[in-house]
Amino acid sequence: MSGGSGIWLHAVTRHLRPDRLAGLTGTGGSPVEAVWVGDLVAVVTPVDLDEYGEAALHRKLGDLRWLAAANAHHRVIAAVWRLGPVLPTRLATVYRDEPALRAGLHDLRAEFAAALDRLTDRAEWGVKAYSVRVADEAATTARPSGGGGAGAEYLRRRRAALTAGEAARQAAAEGAEAVHVALAGYTEAARRHRPQDRSLSGVPDPMVLNGAYLLPGGRAAGFGNLVRELGARYPMLRLELTGPWPPYSFAGLDDFAGLDDTGRLDDTGGLHDAGPGPADAAGVRR
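Here the structure is a predicted model, which means the values were calculated and not measured. (Residues numbered from 1 in each chain as written. Predicted model: local features only at pLDDT ≥ 70, side-chain atom pairs only at ≥ 80, totals over all residues. Heavy atoms only, no water.)

**Student:** Looking at this structure, I do not really get the nonpolar core. What am I missing?
**Tutor:** Generally speaking, nonpolar side chains in soluble globular proteins are found buried as a group. If you look at the biggest cluster of nonpolar residues, it comprises 22 residues, and the most contacted ones within it are Leu9, Ala42, Val44, Leu87, Tyr95, Leu101 and Leu105. Mapped onto this core, the elements with two or more residues apiece are strand 1 (5-14), strand 2 (33-37), strand 3 (40-48), helix 4 (98-106), helix 5 (109-119) and strand 8 (207-216). No other element matches helix 5, which puts 4 residues into this core. In this structure Leu101 touches Ile7, Leu9, Val35, Ala42, Val44 and Tyr95, once residues within four positions along its chain are discounted. The next biggest cluster of nonpolar side chains, apart from the first, holds 18 residues, and it includes Trp125, Val179, Leu209 and Val227. (Core = buried A, V, L, I, M, F, W, Y, C linked by side-chain atoms within 4.5 Å. Buried < 20%, exposed > 50% of the residue type's maximum accessible area, 1.4 Å probe, protein only. Helix = DSSP H or I, 4+ residues; strand = E, 2+ residues; numbered from the N terminus. Contact = heavy atoms within 4.5 Å.)

Next up, the structure:
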């Protein structure tokens, strides 16, 4: 799909006055607009399909240098979220025209309304856990050689290091599971995302937990206290708390078949965590 203009869908909300979007620009730098579908409001930006159509998206979504569109997408979502409950859409949800957009939302008005009710006054918080390297080399190297020469001593130390490393990995995995269970028990909803690779996280220590948690604003302080308590309880982990974010992980739009029909771009690589919250490749809707 290329040529002409299309509609980039950033988010779905309700009771939004169009003037509240004044001055806000979306993907491609165009002004953000509101399209009413019953009581719902689709927050959209007109885009050039030569730049953001299916062929262009196949080329660009796997390129981590293509961050401008992702940043604009998340900026719009965050701005709308500050005005009320919001259902963020996946990155690059593009429709050919307004009738296609309206048709995609019309039959799911009740589901969207229920999701917006569920997310009113809620925020997403992220907790990442990194496995901290245990300083056990001194203890290993201090062990008596036991005879057998330098070669045998090297092998003993190598086996001891491997054993210690495996024990550390197991302890980190068990600790991450315990942290997630404790956090999930405090929140209304929780999700574990795939841990990020070091090249993406920018952290040399391996990530063992990439969790998202939904809770009302009144429980944010207690959640932060719990994260600190868990960090002290599991010293083999370093916990990183981020947020609050719009409820990227809990919008549930992928559960609505009407927004997941033909034309989806699969296996494009995605732009994961290009912005403040989870971001994935999505589809061009016809």
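What follows picks up the thread again.
**Student:** Sorry if this is basic, but what is going on with unusual backbone geometry here?
**Tutor:** Note the cis peptide between Gly243 and Pro244, where omega equals 0°. Relative to the elements of secondary structure, Pro244 occurs in strand 9 (residues 237-245). Residue Ala92 is not a glycine yet carries a positive backbone phi of 70°. Inspection of the secondary structure puts Ala92 in the loop between strand 4 (87-88) and strand 5 (94-95). Residue class for Ala92 comes out buried when judged on its relative accessible area of 0%. Residues other than glycine seldom take positive phi values, yet Asp121 does so here, at roughly 60°. Structurally, the position occupied by Asp121 is in the loop between helix 5 and strand 6 (122-131).

**Student:** Just to check I follow, could you spell out the pattern of salt bridges for this structure?
**Tutor:** As a working rule, side chains carrying opposite charge can pair if their charged atoms are close by. A complete count under the given rule lists 5 salt bridges for this structure. Among the ionic pairs, Arg17 bridges to Asp19, the shortest N-O distance being 3.0 Å. A relative accessible area of 49% means that Arg17 is categorised as partly exposed. Salt-bridge contacts for Arg192 lead to Glu177; the nearest nitrogen and oxygen are separated by 2.7 Å. On the criterion of sequence distance, the pair formed by Arg192 in strand 7 (residues 189-193) and Glu177 in helix 7 (residues 149-186) is long-range, its members being 15 residues apart. For Arg192, a relative accessible area of 36% translates into the label partly exposed. (Salt bridge = Lys/Arg side-chain N within 4 Å of Asp/Glu carboxyl O.)

**Student:** Can you walk me through the sheet that holds strand 9 in this structure?
**Tutor:** Hydrogen bonds between backbone atoms are what pair the strands of a sheet, whose relative direction is either parallel or antiparallel. In space, the 4 strands of this open sheet follow the order 7-8-6-9, with antiparallel pairing throughout. Lying at the two open borders of the sheet, with one neighbouring strand each, are strand 7 and strand 9. Between one strand and the next, the sheet's axes are offset by a mean angle of 20°, whatever the strand orientation. In this structure, strand 6 lies alongside strand 9, joined through 7 bridges in antiparallel fashion. Each residue of the ladder has a partner; that of Glu124, found in strand 9, is Trp245. (Pairing = 2+ DSSP bridges. Axes fitted to C-alpha atoms, helices over the stretch in contact; angles between N-to-C directions.)

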